[in-house]
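Residues per chain, in single letters:
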Amino acid sequence: FAPKRTPKRTSSNQAGGACSVCMGEFEPGDATKRIDPCAHVFHADCLQLWVQQCAKQTKIPTCPYCTTLL
């Protein structure tokens, strides 16, 4: 599993930070998705791939950053 994004590391998982799935920085215009209740933000396509990967492995989907149940 490897999303097609150029990795850029930052220390934050908030607006202006990076998606912890692909490690790519959020850019203006990126489609993002915020998970409730933990409020972590990811690229929408990265989160979708993460959930699909969990399903393939018959795992319950969790937040890729903090493992809160989705």
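Quick caveat: nothing in here was measured; it's all calculated off a predicted structure.

Draft legend 1. Spotlight on the overall build of the protein. Scanning the protein from N- to C-terminus turns up one helix and two strands. Secondary structure elements of the protein occur, N-terminal to C-terminal, as β-β-α. Counting across all 70 residues of the protein, residues that qualify as buried make up 30%. Sequence-distant contacts in the protein: of pairs separated by 6 or more residues, those separated by 24 or more amount to 29%.

Draft legend 2. A look at the confidence of the model for the protein. This prediction gives the protein a mean pLDDT of 83; 77% of its residues lie at or above 70. For the stretch residues 5-15, pLDDT sits under 50, and the model shows 26 contacts to residues farther than four places along the chain or on other chains.

Draft legend 3. Expanded view of unusual backbone geometry. A cis amide bond, omega 5°, links Asp36 with the succeeding residue Pro37. One non-glycine residue with positive phi stands out, namely Ala39, at about 70°. Structurally, the position occupied by Ala39 is in the loop between strand 1 (32-34) and strand 2 (41-43). The class for Ala39 is partly exposed, based on a relative accessible area of 35%.

Draft legend 4. Just the pattern of salt bridges, in detail. Under the criterion given, the structure shown has one salt bridge. Here Asp36 ties to Arg34 by a salt bridge, and the two come within 2.9 Å at their closest N and O atoms. For Asp36, a relative accessible area of 52% gives the class exposed.

Draft legend 5. Geometry of the nonpolar core. Listed in full, the eleven residues of the largest apolar core are Cys19, Val21, Cys22, Phe26, Ile35, Cys38, Val41, Phe42, Cys46, Leu47 and Cys63. Elements with a minimum of two residues in this core: strand 2 and helix 1 (44-56). With near-sequence residues (within four places) excluded, Cys63 lies in contact with Ile35, Cys38, His40, Phe42, Trp50, Thr68 and Leu70.

Draft legend 6. Expanded view of helix 1. Its 13 residues place the ends of helix 1 19 Å apart at the C-alpha level, agreeing with the 18 Å of an ideal helix rising 1.5 Å per residue. Taken as a whole, helix 1 has its buried residues at Cys46, Leu47 and Cys54. Taken around the axis of helix 1, the buried residues stretch over an arc of 100°, which confines them to a single face. Exposed side of helix 1, more than 90 degrees from the buried face: Ala55 and Lys56 are the residues found there. Buried-residue contacts for helix 1 involve strand 1 and strand 2. Downstream of helix 1 by one or two residues, Thr58 has phi in the positive range, about 50°.

What counts as what
- Residues numbered from 1 in each chain as written.
- Predicted model: local features only at pLDDT ≥ 70, side-chain atom pairs only at ≥ 80, totals over all residues.
- Heavy atoms only, no water.
- Helix = DSSP H or I, 4+ residues; strand = E, 2+ residues; numbered from the N terminus.
- Buried < 20%, exposed > 50% of the residue type's maximum accessible area, 1.4 Å probe, protein only.
- Contact = heavy atoms within 4.5 Å.
- pLDDT = per-residue confidence, 0-100.
- Salt bridge = Lys/Arg side-chain N within 4 Å of Asp/Glu carboxyl O.
- Core = buried A, V, L, I, M, F, W, Y, C linked by side-chain atoms within 4.5 Å.
- Expected span 1.5 Å × (residues − 1).
- Arc of directions from axis to C-beta.

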